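The lines below spell out each chain.
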Amino acid sequence: MFDPTVYDNLKVGFENHLYDMDNLDERIQITGRKDRLEMAMMSREFILQFCLRDHPEVTGEVVLRSSLQELASEILETPGGHPGCSLELRFDMNSKKPESHCTAIRSILRQSWPEQRMCQNIRYIFEEQPITYNVTAHVYFDRSVNEDQMGDIPELCQHMVEVMNQLLHLYNR
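Residues numbered from 1 in each chain as written. Predicted model: local features only at pLDDT ≥ 70, side-chain atom pairs only at ≥ 80, totals over all residues. Heavy atoms only, no water.

**What about the overall build of the chain?**
The cut-off we apply is this: For helices the rule is a DSSP run of H or I covering at least 4 residues; for strands it is a run of E covering at least 2, with both sets numbered from the N terminus onward. The quantity called the radius of gyration is restricted to C-alpha atoms. Its globule counterpart is 2.2 Å times the number of residues to the power 0.38. Each residue is placed in one exposure class: buried if its accessible area under a 1.4 Å probe, protein chains only, is under 20% of its type's maximum, exposed if it is over 50%, and partly exposed if it falls in between. In this description, contact between two residues means that some pair of their heavy atoms is separated by no more than 4.5 Å.
A count of helical and extended segments in the chain gives 4 helices and 6 strands. Reading the chain from its N end, one meets helices and strands in the order α-β-β-β-α-β-α-β-β-α. In terms of C-alpha radius of gyration, the chain reaches 17 Å, essentially the compact-globule figure of 16 Å for 173 residues. For the chain, the spread of C-alpha atoms along the principal axes amounts to about 55 × 35 × 30 Å. Counting every position in the chain, which comprises 173 residues, the buried fraction comes to 42%. Of all intrachain contacts in the chain linking residues separated by at least 6 positions in sequence, the fraction that spans at least 24 positions is 61%.

Structural data, given as structure tokens:
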């Protein structure tokens, strides 16, 4: 019999809530899904990407990862082990003014996740005119997450939607 891991349970929790927000509430639209098993490192990664309904200008992603060490600790019930997963949230949008937008994006993210580590990446295509920059903001939860946080999934997803609404407003300025 299959005994689901912390990773499996959290993945299903995020899938259920986000797909309900898509299919039942019609607030978001799922635009991408990746479920990877890295055979060389024996790690797992799940990414669920979505945008606000009818607004693909801003996307959000939930990224859940579990390493071999975390999986083995749980499966082998290692004494002192810490089974869990890492969690990252990503937000992506295009910008013609990354200098001002990146500052505003960081401020928006800090309102919802003041204690979390963040970084932003800016990309552009060389010689493309006019230059449009792609800004990706990352929110990292530097502690391991497990089933104790299952009840936080609805609130976390709600915060993501609120942040995406604010980023959409910023995008339209």
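Next comes the rest of the write-up.
**What about the pattern of salt bridges?**
Where we set the bar: Only one rule defines a salt bridge in this text: a Lys or Arg side-chain nitrogen within 4 Å of an Asp or Glu carboxyl oxygen.
Under the counting rule described, the total for this entry stands at 10 salt bridges. The partner of arginine 117 in a salt bridge is aspartate 142, with the nearest N and O atoms 2.9 Å apart. Residue arginine 117 is found in strand 5 (residues 117-123), and its partner aspartate 142 is found in strand 6 (residues 133-145); the two are separated by 25 residues along the sequence. For aspartate 142, a relative accessible area of 55% corresponds to the exposed category. Where salt bridges share partners, they join Arg36, Glu45, Glu61, Arg65, Glu88 and Arg90 into one cluster.

**Section: the packing of aromatic side chains**
Two numbers describe a pair of aromatic rings. These are the distance of the centres and the angle of the planes. To keep it simple, the criterion reads: Two aromatic rings from Phe, Tyr or Trp, using only the six-membered ring of Trp, form a pair when their centres are within 6.5 Å; if the ring planes differ by under 30 degrees the pair is stacked, by over 60 it is edge-to-face, and anything between is tilted. Here, a charge over a ring is recorded when the distance from Lys NZ or Arg CZ to the ring centre is within 6 Å and its angle to the ring normal is within 35 degrees.
A full pass over the atoms with the stated rule returns 2 aromatic pairs. Where tyrosine 124 meets tyrosine 133, the ring centres are 5.6 Å apart and the plane angle is 65 degrees; that geometry is what we call edge-to-face. One cation-aromatic arrangement involves arginine 117 over tyrosine 140; the distance from NZ or CZ to the ring centre is 4.2 Å.

**Looking at the nonpolar core**
The line we're drawing: Nonpolar core, defined: a set of buried Ala, Val, Leu, Ile, Met, Phe, Trp, Tyr and Cys residues in which side-chain atoms within 4.5 Å join the residues together.
Counting 41 residues, the largest nonpolar core has Leu18, Leu87, Leu89, Phe91, Leu109, Trp113 and Leu167 as its most contacted members. Where this core is concerned, the elements lending two or more residues are helix 1 (6-23), strand 1 (28-38), strand 2 (43-52), strand 3 (55-66), strand 4 (85-95), helix 3 (98-112), strand 6 and helix 4 (153-172). With 10 residues, the top contributor of residues to this core is helix 4. Ignoring anything within four residues of it in the chain, the contact list for leucine 89 reads Glu61, Val62, Trp113, Ala137, His138, Val139, Phe141, Leu156 and Met160.

**Focus: the packing of helix 3 against helix 4**
Our working rule: To obtain an axis, a line is fitted to C-alpha atoms, over the contacting stretch when the element is a helix, and the angle between two such axes runs from 0 to 180 degrees between their N-to-C directions. For this classification, under 35 degrees means roughly parallel, over 145 means roughly antiparallel, 65 to 115 means roughly perpendicular, and everything else is oblique. Less than a right angle of anticlockwise turn of the near helix away from the far helix marks a crossing as left-handed, whereas a clockwise turn marks it as right-handed. Any residue outside Ala, Val, Leu, Ile, Met, Phe, Trp, Tyr, Cys, Pro, Asp, Glu, Lys and Arg is labelled polar, Gly included; the first ten of those are nonpolar and the last four are charged.
Taken N-terminus to C-terminus, the directions of helix 3 and helix 4 make an angle of 160 degrees; their axes are 10 Å apart at the nearest point. Judged on the interaxial angle alone, helix 4 and helix 3 are roughly antiparallel. Like other packed secondary-structure pairs, helix 3 and helix 4 cross with a definite hand, here right-handed. Contacts from His101, Ala104, Ile105, Ile108, Leu109, Gln111 and Ser112 in helix 3 reach His159, Val163, Gln166, Leu167 and Leu170 in helix 4. A breakdown of the residues in the contact of helix 3 with helix 4 according to their chemical character gives 7 nonpolar, 5 polar and no charged.

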